[in-house]
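# Geometric and topological summary
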Amino acid sequence: MVREAMQKIGGQKPEDLPLSDDIRQVKIGIKRTHKEFKKMDQPFAIESKRRKPSDKG
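Just so we're clear, the structure is a prediction, and the values are computed from it rather than from any experiment. (Residues numbered from 1 in each chain as written. Predicted model: local features only at pLDDT ≥ 70, side-chain atom pairs only at ≥ 80, totals over all residues. Heavy atoms only, no water.)

With that settled, the discussion passes to the overall build of the protein chain. Within the protein chain, the secondary structure is distributed over two helices and zero strands. Taken across its 57 residues, the protein chain has 0% of its residues classed as buried. With an accessible surface of roughly 6200 Å², the protein chain has 57% of that area assigned to carbon and sulfur atoms. (Helix = DSSP H or I, 4+ residues; strand = E, 2+ residues; numbered from the N terminus. Buried < 20%, exposed > 50% of the residue type's maximum accessible area, 1.4 Å probe, protein only. Areas by Shrake-Rupley, 256 points an atom, 1.4 Å probe, with all protein chains shown as cover.)

To continue, consider helix 1 (residues 2–10). Across the nine residues of helix 1, zero count as buried, placing the element largely on the outside. Just beyond helix 1, the residue with positive phi is Gly11, at close to 80°.

Mapping Gln7 onto the fold places it in helix 1. Judged by its relative accessible area of 31%, Gln7 is partly exposed. Residue contacts for Gln7: discarding those within four places in its chain leaves Gln12 and Lys13. (Contact = heavy atoms within 4.5 Å.)

Let us now look at a nonpolar patch on the surface. Taken together, Met1, Val2, Met6 and Leu17 make up a surface patch of nonpolar side chains, about 440 Å² in accessible area. Looking at the secondary structure, you find Leu17 in the loop between helix 1 and helix 2 (23–51). Take Leu17: its relative accessible area is 35%, and that puts it in the partly exposed class. (Patch = residues over 30% accessible without salt bridge, like charges linked within 9 Å, V, L, I, M, F, W, Y side chains within 5 Å. Salt bridge = Lys/Arg side-chain N within 4 Å of Asp/Glu carboxyl O.)

Below is the structure:
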């Protein structure tokens, strides 16, 4: 049933679908991307701390 539905909806048989990446490679890519974003976000974090309004009234 599922196989037939996939053929009907997507036009491809499950065995003809491209293989996905190895899960370990995906995890490595996610970690690498996270580190890069963290580096890019650091200047903004420092700048936003400086711009916080003081509680003194």
